[in-house]
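# Structural features, examined
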Amino acid sequence: MATVTADASRIDENRAREVADRMAAAAGALLESLDAEQAAVARRGTPGSDAESDAERLRWYYTPTDHGGLPLKDMRPAQQSLVMQLVATGLSTAGYNTVTTVMGLENVLDHVEGWTVDWGRERGRDPGLYYVRIFGEPGGDAPWGWRFGGHHVSLNNLIVDGAIRSTTPCFIGADPASSPLLGPSPLRPLGGAEDLARELVRSLPPELAARAVLLDRAPSDIVAGNRARIADGDEMLHLPDIWRGRFTEQRLADRVAMMDERAEAGSGYDAADHTTLALTTAPKGLAAAELDAGQRELLRALLDTYLGRVPDGLAVAPGDTVLDAVHFAWAGGTAPEDPHYYRLQGPRLLVEYDNTQRQVNHAHSVWRDPESDFGFDALAVHRAAHH
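Sequence order sets the numbering: in each chain, residues are counted from 1 along the sequence as written. Totals for whole chains, interfaces and linings use all residues, but because this is a predicted model, local features are given only for residues with pLDDT of at least 70 and pairs of side-chain atoms are given and counted only at 80 or more. For the side-chain quantities, the full set of heavy atoms in the structure was used; hydrogens and water were omitted.

## Here's the deal with the environment of Glu106
Here Glu106 shows up in helix H5 (residues 93-112). When its relative accessible area of 3% is taken as the criterion, Glu106 is described as buried. In this structure the C-alpha to C-alpha distance between Glu106 and His152, which are 46 residues apart in sequence, comes to 9.6 Å. Two residues qualify as a contact provided that any one of their heavy atoms is within 4.5 Å of a heavy atom in the partner residue. Dropping the residues within four chain positions of it, Glu106 is found in contact with Arg125, Asp126, Pro127, Tyr130 and His151. Helix and strand assignments come from DSSP, with helices taken as H or I runs of at least 4 residues and strands as E runs of at least 2, each series counted from the N terminus. Only protein chains enter the area calculation, which uses a 1.4 Å probe; residues under 20% of their type maximum are buried, those over 50% are exposed, and those in between are partly exposed.

Here you go:
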């Protein structure tokens, strides 16, 4: 059975069905509220039975591009509320708070950029440009799923035989990664995921740090990018490749190319460096089995900032045996102001985090299950049983 956890034996099947029921109710209420024109944009075919819809379901983004589906800006306020109720069914309270904070950062980013970035539309940084798309018919035993995404958010969920089977890829970013608030503490939506990892790498003795730190320079982005499937040897995708289609306006294409060139120049990476950091089936870095008790607890806490994004019971922190096989790899400096990247990789687990852009104030984080992203294996089991 496919699960959304690094420790399949500990999944709560009843919980997976309860969450799926709530998702179906929320998705059904949203669809009922849409007019025919809205529904035509929001809906696609049943997962596993429609090639065109399946191809669309596997497309995901974290750039400020068209994510596919019905955007919030094209809905009435009551419909927007129904979308957010659906989003909440797939997240823990902390996960929901983080995602909605990231959405609100579009207003902050607009201010940071002096309201000058347009991306070929009336408003370039727009909290209304978060999109929902529902695949199939919510409820029942037939597969169905839903996706919610926009700049720095991508949530992908698949339900099969009445239970939630996949919640990955799950991407959350933050730009700015840190922004001032009134009082002494800044707003840092991904602060825990960054600080715990830095504390872990700085706790390592020299002989272990030498194996955990792959390079003293960080890449300009996560390595897997927005690939639908991860393969051995994958190297970092460049910025022009993680948008939906190509820009028709040359000035926008030139802007993205220039951003990519500057990011690459800032990272100092060459072809050999990208090969060093390439994804591999055998994890790179340091195995948790070599950590002491305190470091293992740091690793558990770090993992929880990813697995804890979804409702309780859907993703459980791995037991000791599975944790031993999780590898921790780092690239970049270890001071807060240093560009940095890290990776957690183990059985059915790939986590990536980077904070390098905008003078180390633009963070990306993603949680993936290479075996079951988008519910690949769950759909295969369902087809075998019913066809």
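## Some thoughts on the packing of aromatic side chains
Here a Phe, Tyr or Trp ring, Trp counted by its six-membered ring, pairs with any other such ring whose centre lies within 6.5 Å, and the pair is stacked when the planes are under 30 degrees apart, edge-to-face when over 60, and tilted otherwise. Evaluated as defined, the whole model comprises 12 aromatic pairs. Ring geometry for Phe328 versus Trp330: centroids 6.4 Å apart, planes at 55 degrees, classification tilted. Here the aromatic cluster, defined as three or more aromatic residues joined through ring pairs, consists of Phe328, Trp330, Tyr342 and Tyr353. A cation sits over an aromatic face here: Arg229 above Phe376, 3.8 Å from the ring centre. Counted as over-ring charges are cases with an Arg CZ or a Lys NZ within 6 Å of the ring centre that also lie within 35 degrees of the ring normal. The lysine or arginine in question, Arg255, covers the ring of Trp119, its NZ or CZ lying 4.7 Å from the ring centre.

## Regarding the pattern of salt bridges
Salt bridges are counted wherever a side-chain nitrogen of Lys or Arg sits within 4 Å of a carboxyl oxygen of Asp or Glu. In total, this model carries 31 salt bridges according to the counting rule given. Among the salt bridges present, the one from Asp324 reaches Arg296, with a minimum N-O distance of 2.6 Å. Residue Asp324 is found in helix H11 (residues 320-324), and its partner Arg296 is found in helix H10 (residues 293-307); the two are separated by 28 residues along the sequence. In this structure, Asp377 and Arg348 form a salt bridge, with 3.9 Å as the shortest nitrogen-oxygen distance. In this pair, Asp377 sits in helix H13 (residues 376-386) while Arg348 sits in the loop between strand E11 (340-346) and strand E12 (349-355), placing the two residues 29 residues apart along the sequence. The partly exposed category is assigned to Asp377, whose relative accessible area is 23%. One network of salt bridges, in which partners are shared, links Glu56, Arg59, Arg133, Arg147 and Arg244.

## Some thoughts on the confidence of the model for the protein
Scored from 0 to 100, pLDDT reflects the predictor's confidence in each residue. A residue-level look at the protein finds 96% of positions with pLDDT of 70 or above and a mean pLDDT of 94. Below a pLDDT of 50 lies the segment residues 1-10, which in the model reaches 36 contacts outside its immediate sequence neighbourhood of four places, other chains included.

## Remarks on the nonpolar core
We call a set of buried residues a nonpolar core when its members are Ala, Val, Leu, Ile, Met, Phe, Trp, Tyr or Cys and they connect through side-chain atoms within 4.5 Å of each other. Ranked by internal contacts, the top residues of the largest apolar core, which has 73 residues, are Val83, Trp146, Phe148, Phe328, Tyr342, Leu344 and Trp367. The element that contributes the greatest number of residues to this core is helix H1 (residues 13-33), accounting for nine residues. The contacts of Val83, once residues within four sequence positions are left out, are Leu30, Leu72, Met75, Val132 and Phe148. Judged by nonpolar contacts, the second largest core, of 15 residues, contains Ile222, Leu239, Trp243 and Val366.

## What to know about the side chain of Thr356
Mapping Thr356 onto the fold places it in the loop between E12 and helix H12 (357-360). Classification of Thr356 by relative accessible area gives buried; the value is 15%. Throughout this description, a polar contact denotes any pair of N or O atoms lying within 3.5 Å of each other; where both atoms belong to protein, one of them has to be capable of donating a hydrogen while the other can accept it, and for residues adjacent in sequence the pair is counted only when both atoms sit in side chains. Engagement of the side chain of Thr356 in a polar contact is seen with the backbone oxygen of Ser220, the distance being 3.4 Å. Ignoring sequence-local partners within four residues, the contact set of Thr356 consists of Ala218, Pro219, Ser220, Pro339, His340 and His362.

## Considering unusual backbone geometry
In this chain, Thr168 is followed by Pro169 through a cis amide linkage whose omega measures 5 degrees. Positionally, Pro169 belongs in the loop between strand E6 (163-166) and strand E7 (170-174). Each neighbour pair has its own omega, and for Asp175 with Pro176 the value is 5 degrees, a cis peptide bond. With respect to the secondary-structure elements, Pro176 resides in the loop between E7 and helix H6 (191-203). Phi angles above zero are rare outside glycine, and His152 is one such case at about 70 degrees. Of note, His152 is situated in the loop between strand E4 (144-150) and strand E5 (153-160). In this structure His152 comes out as buried when scored by relative accessible area, which is 3%. Positive phi is not limited to glycine here, since Arg348 has a value of about 55 degrees.

## Some thoughts on H5
A helix is expected to reach a length of 1.5 Å times the quantity of its residues less one. Look at H5: 28 Å from first C-alpha to last across 20 residues, which is about the 28 Å you get at 1.5 Å a residue. Taken as a whole, H5 has its buried residues at Gly95, Thr98, Val99, Val102, Met103, Leu105, Glu106, Leu109 and Asp110. The elements touched by buried residues of H5 are helix H4 (77-89), E4, E5, E7 and H12.

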